[in-house]
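# Remarks on the overall topology
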Amino acid sequence: MNQEQDTGLGRWDRRYLGLAAHIRQWSKDPRGRVGAVLVAPELNRIVATGFNGFPSRVEDDVDRLSDKPTKLEMMVHAEQSALLFAGREARGCTLYVVGKPVCNHCAVLSIQAGIRRVVAAPPRNGTRSEWDRRGHISARLFTEAGLRFDPVPEDLLATLMPGEAGAATTLDPTPTPAG
């Protein structure tokens, strides 16, 4: 069996995931770098890319980046950035994401933009991670809206992000606050 059969992802899927992994390195976020690539499937044409960071003209201040609550309130997600750059051209595209599972806010925007397929790390089961919790909400949203979600296997994530132990290290280990 070849790698395409093992992962269910084709050669071009792996190429676009590799590009998203490269783009995620452009983020200044010291804890969670995420890259996204939007592709129009009919021509295999890249429509837009994005990485997580502060909005344009907002300084990548080290103090802001290390203050998690402030950073999370100010950060533009990689998916959001790619969708903004793509505009109407996002309709019908495939969204490739490397770095974290797609959060519920990005899932809503992806659905509304007309994305047809998402290829990203799946959220883990049995954790108290906020990103996993949001990823599970996203999975439900994708199913209900009829989007195809293709999870990236952990061994492929480990290849895309050498030095990181696969999907588990791409997630915020901070548990959801009790309440």
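Everything below is about the structure printed above this text.
Figured I'd write up the structure that's included with this text.

## A short note on the nonpolar core
The biggest cluster of nonpolar side chains holds 24 residues, and the ones touching the most others in it are Leu38, Leu95, Val97, Val102, Ile115 and Val118. Here this core gets 4 residues from one element, more than from any other, and that element is helix H5 (residues 78-86). Setting aside residues up to four positions removed in sequence, Ile115 forms contacts with Leu38, Leu83, Ala90, Gly92, Cys93, Leu95, Ser110 and Leu147. Among the nonpolar cores identified, the runner-up in size contains 17 residues, and Tyr16, Leu17, Val39 and Tyr96 belong to it.

## Here's the deal with the sheet that holds strand E4 (residues 117-120)
Backbone hydrogen bonds hold the strands of a sheet together, and the pairing may be parallel or antiparallel. Sheet architecture is open: 5 strands sit in the order E2-E1-E3-E4-E5, paired in mixed fashion. Only two strands of the sheet have a single partner each, and these edge strands are strand E2 (45-51) and strand E5 (148-151). Sheet twist, expressed as the average angle between the axes of neighbouring strands with direction ignored, equals 15°. Note that E4 and E5 share 4 bridges and pair parallel. Looking at E5, one finds that Val118 is bridged to Phe149. Together, strand E1 (35-40), E2, strand E3 (94-98) and E4 form the strand contacts of helix H2 (residues 11-24), whose direction differs from that of E1 by roughly 145°. Here H5 sits on the sheet in contact with E1, E2 and E3, set at roughly 135° to E2.

The rules we used
- Residues numbered from 1 in each chain as written.
- Predicted model: local features only at pLDDT ≥ 70, side-chain atom pairs only at ≥ 80, totals over all residues.
- Heavy atoms only, no water.
- Core = buried A, V, L, I, M, F, W, Y, C linked by side-chain atoms within 4.5 Å.
- Buried < 20%, exposed > 50% of the residue type's maximum accessible area, 1.4 Å probe, protein only.
- Helix = DSSP H or I, 4+ residues; strand = E, 2+ residues; numbered from the N terminus.
- Contact = heavy atoms within 4.5 Å.
- Pairing = 2+ DSSP bridges.
- Axes fitted to C-alpha atoms, helices over the stretch in contact; angles between N-to-C directions.

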